[in-house]
Amino acid sequence: MSTEETLTLDEIQDHILVRAWLDHETGQPEPDHCLSTVSEAIRQEATQILTRKEWIAVKDNQIILTPRGQEQASHLIRRHRLAERLFAVVFNLSEEAVHAQACRMEHENVLTPEAVEGICSFLGHPPSCPHGRPIPMGECCKLFTNEVKPLVMPLYQGEVGNDYRIVFMAPKYHSLLERLSGLGVTPGASLHISQKSPSFVLKVSETEVALDEEITNGIYVVCLQ
Amino acid sequence: MNSQQKIILVGNPNVGKSVIFGFLTGAYATVSNYPGTTVSLSKGETKLGDRTCEVIDTPGVNSLIPMSEDEAVTRNLLLAENGIIIQVADAKNLSRALPLTFQLMELEIPFVFVINMCDEAAKNGIKIDAKKLEEILGVPVVTTVATRGLGLPQLQEKMASAQISSYSLKYSGVFSEALKEIAAEIPDTVVGKRACASMLLSGDRTVVERLKKVLAPEAKTKIESLCRKVAAQFAEPVSFLMGRERLAQGQIILNRVLSAQKKERSFFQFLNRWTMHPFLGLVVLAGVLEIVYLFVGKFGAGIAVDFIEKGIFGKYISPGSVWLVDRIFSEAHPITRFFHDALVGPYGLITMGLSYGFAIVLPIVTTFFIAFSLMEDSGYLPRLAVMVNRCFKWMGLNGKAVLPMVLGLGCDTMATLTTRILETKKQRVIVTLLLALAVPCSAQLGVLLGMFGKMPVWTFWVWLSVIIGIMFFVGFASNKILKGEPNAFVMEIPPLRIPQFGNVAKKTLSRLEWYVKEAVPLFLLGTFILFLLDAVHVLGVLQRAASPLVVTILGLPKEAANAFLIGFLRRDYGATGFFDMFNHGQLNVMQALVALVVITLFIPCVANVFMIVKEHGGRTALKMVSFIFPFAFLVGGILRWILK
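Residues numbered from 1 in each chain as written. Chains lettered and ligands numbered in written order. Predicted model: local features only at pLDDT ≥ 70, side-chain atom pairs only at ≥ 80, totals over all residues. Heavy atoms only, no water.

**Points about the sheet that holds strand β3 (residues 153-154) of chain A**
Read from one edge of the open sheet, 7 strands run β3(A)-β8(A)-β4(A)-β5(A)-β6(A)-β7(A)-β9(B), paired in antiparallel fashion. Looking along the sheet, the strands with just one partner apiece sit at the ends: β3 of chain A together with β9 (490-493) of chain B. Sheet analysis places strand β7 (residues 207-211) of chain A next to β9 of chain B, joined by 4 bridges and oriented antiparallel. Each residue of the ladder has a partner; that of A210 of chain A, found in β9 of chain B, is M491 of chain B. The strands touched by helix α7 (residues 174-182) of chain A within the sheet are β4 (163-169), β7 and β8 (219-224) of chain A together with β9 of chain B, with β9 of chain B carrying the most contacts at an inclination of about 5°. (Pairing = 2+ DSSP bridges. Helix = DSSP H or I, 4+ residues; strand = E, 2+ residues; numbered from the N terminus. Contact = heavy atoms within 4.5 Å. Axes fitted to C-alpha atoms, helices over the stretch in contact; angles between N-to-C directions.)

As structure tokens, this is what we get:
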């Protein structure tokens, strides 16, 4: 792919911020494939602009985000990972394809704040990207507004007799995730709602699972027609 | 080389491990149709070639990261023992078996993969290419229908060629890197290094404890920081993400070996819906209870008891043994008279102990065990959990707790062990307490049903509502008092199946054998104690001493103290005492009702106390015992006061 040729100086700045965020998140510096084709000189220039804006500080050859830089980077990460979720959920793209797409959509001039909120609600305010990394919360997540009719919804809103695919799970406590996935209730799995009362009963392939309604609040699904 | 090779049966819950165990060893391990039948290890022996091997049956697990006590039993065994693993998988549910397969392979132990229940899979339109799976996994694969014995001889042949799998699972970048680094820190002496590394990365702290001795302190801190670093990168737990990767790789394999066709809904599927329907489910439940009542209460406690007690014991055994003992031990001499009365006196081992144990209780427990086995094997019990989940929430429990509670109707002691299937300590303690307090076991239930058969119908409903009321009240209160984690209801529902005659018969017989070995000796011991107390005239003293309680508070005749006394040993035996008193007109209906409520609330038996000590420690057991007995009398006193 040769998308990098068209990278503007603004976009390069974004990539530097994102890289700094990721390095902080993983705890170790890694080469950035978006920045790999950019010449050293342009990179230096972008870094200087960012330093002047006081978004980053360079210490021992390492880039550290200032609070303002952090905020900026969290928006970028949020857009990136929401975009990943969107492509994974709606088009079922592979993980690499999803990442490549998202790299282009993280920039502010591609997705407006309104669009980001729309996507977030549409996806049911997912807590993590398809790779399992956290998505920074937006204003909409705190309010959990559902102005857009969501494509992704909690399972408890599903209807008896319909089939759904699990997009992600965000249960109240973590041990539940493992218990559920041990029974085959895991992202990507298709399920059938057999009944909702007196307890929820799902069928995942050949396994029938009974569970509390509260748990189904934390399982997010899309309807399969 | 170990002198005795071990063969370990492992697999997801309810896949038929115990059936295969039974085939290999000839020993009977309880087989039922619900997840969690096996909660502790069963051991037996089999021949592998010309060598004798030990076979171990384990509680079912979905993953080697344990979620409950019974799962921990299996995981700990796998880390401690070295031998051959036979993984049993449900042919309908291979997608859940393979992730476990990958984890077991990491242990680097020779392996055989059994695809069981092939008949059910075929019925559901699932076809499996076992040859291909064998090629991919690089271990012997056997297809079986264990309940009908199909494929099991082949399994025995293939066990000899068990081998370490050549398949290697690839985790994604971050995980595989971390796994390599962690494994490098673990010394080579540790068995299953790769498995330990992946458990550590999954955040399983119990493994750290196990490795404490062999792990250098620096290595420990290094591993800890590595795990933490990886965990910090993800919003979801590492164990879950790794599990997802295993699942995904399993799916890739399945796409190559599995083909499925859609099948129409069968009658069973409709029946399945009815058993869990909010309204029809109650109708089904009422129907099931009615049938059990007719079979156990009317037939077992009525017809069968009458026949054996009045017919066989009353006409032949009792008079016969009296005649015989009269000839051997003369009543005239004080010493021979002692033996005479010990055997056939009012508290005689034969006239009281044996006739209670065999004439009254045995027919009742037999019919109950049969009815109960049918419920277990049909798969009805887990469906009951779906129905009662909401009410159980009140007591800090969830629907899953219905399994040990209903098992308690069979035997509270065994049910106390089954509480291991519950995920939190709090739930286990509450269920253990409720079992000891308010769930009558089959022997007692039988005696009670037999007695209620002779009393007005309303007494039964009063008794039932008092016991259920107490159960909810105590459950509710302990939920408020005990601290503990929240508990969520997640439970697998096995398919409905037609119970197999052979298994029902075997299970009933093995439970009866247990009853005769465990309960009858206690009956005899209790009788003998009563006899001794009576012979040295202490019984009268005890009766007088207990009279404020028994006579004044409960309003019973002073002889009722005898029944309470033996009730400390076994409450069903105590109940049998009241049964006898009632039959001889020593209790009126009101008194009988009060007595039955009190004895129902007693601790089931001495064995049950030992089991509580074993599972929860002496302190908890002591607390429970010192709560239950006074509480039982208190409830009885209140009931008498209300009825008056």
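**A closer look at the sheet that holds strand β3 (residues 51-57) of chain B**
Residues and elements named next belong to chain B. If you trace the 6 strands from one edge of the open sheet to the other, you get β2-β3-β1-β4-β5-β7, paired in mixed fashion. Only two strands of the sheet have a single partner each, and these edge strands are β2 (42-48) and β7 (141-143). Each strand of the sheet is rotated relative to its neighbour by a mean of 25°, with strand direction disregarded. Its contacts with the sheet put helix α2 (residues 69-80) on β1 (6-11), β3 and β4 (83-90), and the angle it makes with β1 is roughly 145°.

**Observations concerning the packing of aromatic side chains**
Residue and element names in this part refer to chain B. All chains considered together, the criterion is met by 24 aromatic pairs over all chains. On the basis of an interplanar angle of 35° and a centroid distance of 6.0 Å, the ring pair of F460 and W463 is categorised as tilted. Of the two residues, F460 and W463 both sit in helix α21 (residues 457-481), 3 residues apart, roughly one turn of that helix. Classification of W463 as buried rests on a relative accessible area of 4%. Here F564 and F602 contribute two aromatic rings whose centre-to-centre distance is 5.8 Å and whose plane-to-plane angle is 35°, an arrangement assigned as tilted. In this pair, F564 is assigned in helix α24 (residues 560-567) and F602 in the loop between α26 (589-601) and α27 (606-616), connecting sequence segments 38 residues apart. Side by side, F564 and F602 carry an identical accessibility label, which is buried. Each member of the aromatic cluster is reached from another via a ring pair, and the members are F564, F568, F578, F602, F629 and F633. (Phe/Tyr/Trp six-rings, centres within 6.5 Å; stacked < 30°, edge-to-face > 60°. Buried < 20%, exposed > 50% of the residue type's maximum accessible area, 1.4 Å probe, protein only.)

**Focus: the environment of L496 of chain B**
Residues and elements named next belong to chain B. Note that L496 resides in the loop between β9 and α22 (501-535). A residue is classified by how much of its surface remains accessible, and L496, at 15% relative accessible area, is buried. Separated by 300 residues in sequence, L496 and C196 place their C-alpha atoms 38 Å apart. What L496 contacts, discounting residues up to four positions off in sequence, is N33, F268, L271, N272, S378, G379, Y380 and R383.

**Quick look at the interface of chain B and chain A**
Taken together, the contacts link 43 residues of chain B with 44 residues of chain A. For the pair chain B and chain A, the two sides together bury roughly 3,700 Å², of which 51% comes from carbon and sulfur. Sorting the residues of chain B by area buried against chain A places Q233, F240 and V490 of chain B first, and these three jointly supply 17% of that buried surface. Scanning the region where chain B abuts chain A turns up 3 salt bridges. Across the pair K393 of chain B and D212 of chain A runs a salt bridge, and its minimum N-O distance is 2.4 Å. On inspection of chain B and its partner chain A, the count reaches 21 residue pairs in polar contact (both at pLDDT 80 or more). Contributing elements (two or more residues each) for the side of chain B that touches chain A: α3 (94-105), α10 (217-232), α11 (238-257), α12 (267-276), α16 (380-393) and β9 of chain B. Looking at the side of chain B that touches chain A residue by residue, the classes come out as 21 nonpolar, 11 polar and 11 charged. (Buried area = accessible area lost by both parts, 1.4 Å probe. Salt bridge = Lys/Arg side-chain N within 4 Å of Asp/Glu carboxyl O. Polar contact = N/O pair within 3.5 Å; in protein donor to acceptor, adjacent residues only side chain to side chain. Nonpolar A, V, L, I, M, F, W, Y, C, P; charged D, E, K, R; others polar.)

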